[in-house]
Amino acid sequence: QVQLVESGGGLVQAGGSLRLSCAASGRTFSSYAMAWFRQAPGKEREFVAAITWSGGSTYYADSVKGRFTISKDNAKNTVYLQMNSLKPEDTAVYYCAAAFAPLSTILLRTRRSYDYWGQGTQVTVSS
């Protein structure tokens with residue numbers, strides 16, 4: 001089993017920044033990719049960003065490109081999401097996810113491709 005624990009959420013004003021962390025533990029951790037998704041009230045869970053564990057390739061949703069940066073620390077089995085220039089529409093619960101099978105660039109953005117999920121961390125951006 002794999003456990004994913006997110007942290008770093010909170011309340012921030014529009015234009016501010018937050019950094020989310022996702023610490024992975026459990027079986028020897030060698031995922032293919034890690035990702036962040038988010039879910040706002042009344043909306044579907046949507047893709048935010050992904051990173052491949054070995055090569056470090058990154059992928060972003062158009063809505064966050066240029067503002068958010070996903071990164072990883074292999075030694076710590078931790079993935080980060082640096083969020084800058086936050087907007088009220090970024091308000092959501094942010095979830096970390098891990099996938100263990102190779103995925104295409106399309107499937108990396110698909111919720112059902114991921115095997116394990118964290119419990120989520122709330123991000124609230126005030127206007």
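Residues numbered from 1 in each chain as written. Predicted model: local features only at pLDDT ≥ 70, side-chain atom pairs only at ≥ 80, totals over all residues. Heavy atoms only, no water.

**Considerations on the environment of alanine 35**
Thinking step 1. With respect to the element layout, alanine 35 can be found in strand β4 (residues 33-39).
Thinking step 2. The class of alanine 35 is buried, set by a relative accessible area of 0%.
Thinking step 3. The spatial distance from the C-alpha of alanine 35 to the C-alpha of tyrosine 60 is 9.6 Å, given a sequence separation of 25 residues.
Thinking step 4. Not counting residues up to four positions away in its chain, the partners in contact with alanine 35 are Ala49, Ala50, Tyr95, Cys96, Ala97 and Tyr114. (Helix = DSSP H or I, 4+ residues; strand = E, 2+ residues; numbered from the N terminus. Buried < 20%, exposed > 50% of the residue type's maximum accessible area, 1.4 Å probe, protein only. Contact = heavy atoms within 4.5 Å.)

**What about the sheet that holds strand β8 (residues 78-83)?**
Thinking step 1. What the four strands build is an open sheet, ordered β1-β3-β8-β7; its pairing is antiparallel. Each having just a single partner strand, β1 (2-7) and β7 (68-73) make up the two edges of the open sheet. Across this sheet, the average inter-strand angle for adjacent strands is 15°, counted without regard to direction.
Thinking step 2. As defined by bridge partners, β7 adjoins β8 across six bridges and the pair is classed as antiparallel. Residue pairing in the sheet places phenylalanine 68 in a bridge with methionine 83 of β8. (Pairing = 2+ DSSP bridges. Axes fitted to C-alpha atoms, helices over the stretch in contact; angles between N-to-C directions.)

**Description of the pattern of salt bridges**
Opposite charge on two side chains permits pairing when their charged atoms draw close.
Thinking step 1. Per the counting criterion, the structure on display carries four salt bridges.
Thinking step 2. In this structure, the salt-bridge partner of arginine 38 is glutamate 46, at a minimum N-O distance of 2.6 Å.
Thinking step 3. The class for arginine 38 is buried, based on a relative accessible area of 5%.
Thinking step 4. Residue glutamate 46 is classed as partly exposed on the basis of its relative accessible area, which comes to 37%.
Thinking step 5. Between lysine 65 and aspartate 62 there is a salt bridge, with its nearest N and O atoms 3.2 Å apart.
Thinking step 6. Assessed through its relative accessible area of 67%, aspartate 62 is described here as exposed.
Thinking step 7. Here the salt bridges share partners, and the residues they tie into one network are Arg38, Glu46, Arg67 and Asp90. (Salt bridge = Lys/Arg side-chain N within 4 Å of Asp/Glu carboxyl O.)

**Considering the state of the cysteines**
Thinking step 1. Applying the stated criterion across every chain yields a total of one disulfide.
Thinking step 2. Each sulfur of the disulfide joining cysteine 22 and cysteine 96 lies 2.0 Å from the other. Across the disulfide from cysteine 22 to cysteine 96, rotation about the S-S bond amounts to roughly -75°, and the bridge is consequently left-handed. Residue cysteine 22 is found in strand β3 (residues 18-26), and its partner cysteine 96 is found in strand β9 (residues 92-99); the two are separated by 74 residues along the sequence. Both residues of the pair, cysteine 22 and cysteine 96, belong to the buried class. (Disulfide = S-S within 2.5 Å.)

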